[in-house]
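# Topology and contacts: notes
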Amino acid sequence: MPPLLALAVALSTGAVPVAGAASGPGAVAPPSLRLPRSVQPLRGALELTVDPERPAFSGIARYRVLAREPVRTVWLHAEGLTVIAAAVGGRPASPVAAPGGFLGLTPDGPVPAGETDLEIAFAGEIDRTRSRGLYAAAEGGRWYAYTFFEPIDARRAFPCFDEPWAKIPWQVTLRVPAGDVALGNAPVARETTQGAWRRVELAETRPLPSYLVAFVVGPFDVIPAGAGGAARVPVRFVVPRGRGSETAFAAGVTPRILDALEATIGLPYPYEKCDVAVVPRYWGTMEHPGIVALGQPLTLIRPEDDSRERREHYATIAVHELAHHWYGDLVTMAWWDDTWLNESFGTWDEANATERLEPAWRAADGRRWGQRAAAFASDVLPSAKRLREPVASDQEIEDAFDAAITYHKGASVLRMLEAWLGPESFRGVVRSHLRSHADGIATTPDLLATLSSAAGHGLAAAARGFVEQAGVPLLRASRACDARGARVVIRQSRFLATGRAGDDARWTVPVCLRSGAAGRVATTCALAAGPVAEIPLPACPEWIWPNAGGTGYHLSLVEGVAPLGLLPHLSPPERLALATDASLLARRGDLPVGRALALVAPLARSGDRLQVEASVDLAGLVDPDHLEDRDRPGWRSFVRRTWGSRAAALGWSPGPGELEESRALRSRLLPFVADQGEDPALLAGARAVAEGFLSHVPAAAGAGAGASPPPDVAWAALGVAARRGDAAFFEAIDAAARRSPDPTERRRLVALLGRFEDAALARRALAAAVAPDVDLRDTLPVLEAALGGRRTRGTAFAFLQKRWDDLLPRLRSDEAARLLATAASGACDRPARYAAAAALGPRAATVPGAVPALRVALDAADACIEARARNARAIRAFLAVR
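The model shown is predicted, which means the values in this text are computed figures rather than measured ones.

The next subject is the overall build of the chain. Helix and strand counts for the chain stand at 29 helices and 27 strands. For the chain, the C-alpha radius of gyration of 28 Å lies close to 29 Å, the compact-globule estimate for 882 residues. Expressed as lengths along the three principal axes of its C-alpha atoms, the size of the chain is roughly 85 × 75 × 55 Å. In the chain, which comprises 882 residues, the proportion classed as buried is 58%. When contacts within the chain are restricted to residue pairs at least 6 apart in sequence, those whose partners lie at least 24 apart make up 71%. Surface summary for the chain: the accessible area is close to 32000 Å², and the carbon and sulfur share equals 54%.

Read across the open sheet, the four strands follow the order β15-β16-β17-β18; overall the sheet is mixed. Single-partner strands in this sheet number two, and they are β15 (221–228) and β18 (291–295). Neighbouring strand axes in the sheet, compared pairwise and without regard to direction, differ in orientation by 25 degrees on average. Bridging between strand β16 (residues 233–239) and strand β17 (residues 274–279) involves four bridges; their strand directions are parallel. Counterpart to V238 in the pairing with β17 is A277. Lying on the sheet, helix α4 (residues 308–323) is in contact with β16, β17 and β18; it crosses β18 at an angle near 150 degrees.

As a further point, take the pairing of strand β23 (residues 509–517). Within β23, nine of the nine residues are buried, which leaves the element mostly enclosed by the surrounding structure. Side chains of β23 alternate between two faces, with V509, V511, L513, S515 and A517 and P510, C512, R514 and G516 buried alike. As judged from the nine bridges shared by β23 and strand β24 (residues 520–528), these two strands associate in the antiparallel manner. Bridge pairing in β24 links P510 to L527. Here β23 folds back onto β24, and the loop between the two strands holds two residues, one of which, A518, carries a positive phi near 55 degrees. Where β23 meets strand β26 (residues 543–545), three bridges bridge the pair, whose relative direction is antiparallel. Counted as the bridge partner of R514 is W545 from β26.

Cis geometry is found at the peptide bond from E150 to P151, where omega equals 0 degrees. For P151, the location among the structural elements is in the loop between β9 (142–148) and β10 (170–177). With phi around 55 degrees, A518 is a residue other than glycine that occupies positive phi space. Mapped onto the elements of the fold, A518 is located in the loop between β23 and β24. Among the residues examined, A518 registers a relative accessible area of 67% and is labelled exposed.

Cut-off values and rules
- Residues numbered from 1 in each chain as written.
- Predicted model: local features only at pLDDT ≥ 70, side-chain atom pairs only at ≥ 80, totals over all residues.
- Heavy atoms only, no water.
- Helix = DSSP H or I, 4+ residues; strand = E, 2+ residues; numbered from the N terminus.
- Rg over C-alpha atoms; globule rule 2.2 N^0.38 Å.
- Buried < 20%, exposed > 50% of the residue type's maximum accessible area, 1.4 Å probe, protein only.
- Contact = heavy atoms within 4.5 Å.
- Areas by Shrake-Rupley, 256 points an atom, 1.4 Å probe, with all protein chains shown as cover.
- Pairing = 2+ DSSP bridges.
- Axes fitted to C-alpha atoms, helices over the stretch in contact; angles between N-to-C directions.

Here it is as structure tokens:
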């Protein structure tokens with residue numbers, strides 16, 4: 001076998017060749033994680049031949065590069081590709097593979113300092129199982145090709161400098177079947193047909209890292225959707241053939257999203273077009289500039305499936321992804337340790353822009369409260385990681401996309417800074433940062449320098465503490481009024497949910513506290529630094545609340561005051577923050593459980609939907625999944641008395657002219673009261689609504705009789721009915737899933753099979769979900785639902801124990817990591833916790849990103865076990881008197 005061909009085979013199989021590596025003067029050892037900066041790409045050109053119907057693709061990658069010094073080997077990335085030939089500076093170069101997806105090109109002599117060209121001919125396979133790199137999916141008997149490269153899968157589609165700092169202009173040319181559509185980041189510059197093939201040349205892009213390069217190929221329909229932004233950028237939807245009518249809502253709202261983002265950011269949309277490539281699943285949603293990818297379950301809404309829930313879900317995710325065109329695309333992180341700069345800013349602005357887009361949804365209050373609570377759930381654990389976490393391995397790159405920290409904590413910290421500095425001033429800082437680094441890269445120190453120049457070193461130092469330290473501060477506030485004047489004393493410590501001693505972490509906390517005296521309310525802001533800080537007040541207060549607006553990223557405990565006594569003084573967002581804080585404080589024992597649960601009733605009576613939802617969350621202190629049997633009647637009675645009349649008034653049938661807030665509350669409250677309260681009328685109503693919906697799934701016998709229930713009501717009812725469903729209901733859902741023509745509806749119906757609590761039906765659902773001919777991307781929710789059910793958790797865990805070796809290779813690493821963590825998350829007793837650690841630890845070690853995810857799940861189990869032991873007696877007493 002000729003040497004070049006031998007190396008090509010080695011690259012395609014992932015083996016490391018023994019011969020052919022560079023050696024001698026000027027040789028560069030294979031990289032271990034990051035590419036050497038001795039060679040910098042300046043621009044790239046790709047020419048790819050892609051037919052979605054065929055298993056393989058081929059291409060040529062060309063780069064203009066700058067060698068900063070003479071080098072013997074030029075290193076870049078390639079994974080799972082066959083290199084056919086390569087040249088450096090016009091001279092043939094030998095390719096060599098190295099562990100970690102590295103590709104070295106060694107010509108017959110040193111590469112001199114200065115600019116030169118690389119050229120690589122290659123081939124690869126189109127992924128049809130894991131939605132990574134260049135992948136394909138079939139629909140309606142036709143195949144469609146898509147790309148998903150974040151974080152390090154561009155190297156699976158073409159050799160490249162696959163790191164964020166390597167941000168260059170790209171020119172992409174696609175050779176595709178003559179009847180297919182081919183689109184990418186930039187507009188089409190020219191196209192020509194050559195027999196059965198069509199050559200589509202795209203214009204050169206603005207500088208992009210490799211993970212943001214994107215294209216689609218297939219028999220798509222391209223649906224015009226108007227224009228958005230000040231420049232009236234054209235918006236189009238790229239959908240599988242025949243599904244354009246399902247984009248009606250998305251096509252109407254997306255141009256308005258561009259308008260809303262320009263208004264909140266204060267800078268024009270940075271790119272020439274805004275195509276929306278509608279990809280097969282949620283996974284694949286991605287912020288590619290010029291051709292943002294959004295999943296079918298988000299974007300394609302049939303008229304009969306339209307609901308407020310679906311509309312809000314699409315708009316929120318679309319806002320987030322399009323916000324990345326500024327945060328992440330226009331200005332890109334230099335390395336994955338700054339992933340938070342992309343995701344936190346996108347999440348922060350998502351609430352702002354969605355609120356501007358549709359005020360009736362109350363996106364700002366709801367999402368800010370939910371994101372803060374989600375961040376706390378992870379950040380109060382000993383395993384919590386920092387926002388800016390060092391990334392020293394490919395596994396840690398995967399872990400950088402941590403929803404609770406990278407997205408939700410980051411957004412909550414930005415919101416705190418925004419509230420303390422003032423919205424307009426903070427937005428000025430953000431605009432200045434974006435302008436300064438447009439089309440380039442930026443780091444956390446770059447952002448902090450901009451903040452420091454605009455707001456002073458003190459606030460920048462405070463921000464740095466929240467970025468570089470893990471955890472949540474607990475602020476214990478007390479009043480002091482004496483000869484020295486009126487003030488609030490703040491004592492600070494790190495809050496750990498397990499109750500273990502915290503480390504020496506200390507923050508400079510931007511505190512805005514509200515206080516009341518003689519009917520007058522004042523707001524005072526200060527930076528509280530060190531273990532003890534004092535904040536002067538204008539008068540001796542009758543009450544204090546150290547989190548004005550509920551925007552502070554800290555827990556608050558007012559010494560000597562019951563939370564119920566504070567409630568009348570607080571604004572709605574502050575009440576939501578109080579409820580979140582009270583739950584965590586009571587779980588750890590800083591606040592008596594009874595005092596925290598005393599907030600449930602007044603919140604439940606509120607006319608504010610979000611406060612009612614907060615009451616339901618706070619009632620989770622009871623931990624109903626782990627109650628002893630003797631305590632369950634008291635819990636059911638408490639649920640029915642607290643929320644039953646309101647749930648009954650809402651009912652399963654929306655009335656004419658019903659407010660959006662009532663519809664949203666129904667979807668949350670009725671399943672809870674029916675399920676946890678075991679309300680007979682609501683349970684019967686749920687079964688009737690569910691059966692009515694199933695009867696209208698296309699092709700059902702007798703379909704068309706009567707009106708189908710509204711989809712938001714139907715799906716809520718289906719979830720309730722499935723838990724107590726019998727074999728006949730299981731069969732009805734399974735049959736509906738098989739006959740539904742809509743992929744999203746099919747997946748949602750299939751997922752319901754994991755909720756059945758009957759042991760035989762649970763085993764049947766699990767077996768069907770992992771069958772060899774099943775696409776695990778569609779059935780993974782069955783496994784997750786079964787692992788999350790009180791009655792099915794043990795069955796599902798035992799079932800998966802025998803199948804991990806077969807299942808994990810069929811999943812993306814992030815999916816596998818999530819499933820392993822889910823398998824551990826329900827353990828709330830010592831034997832189950834230790835069994836989960838012993839069984840899952842060795843599996844997690846083989847999956848990128850799974851070890852930290854499992855660690856978080858086990859820490860959460862420890863916190864649950866300790867809270868359960870600490871509070872069981874108090875909860876039993878609370879339920880006994882109700």
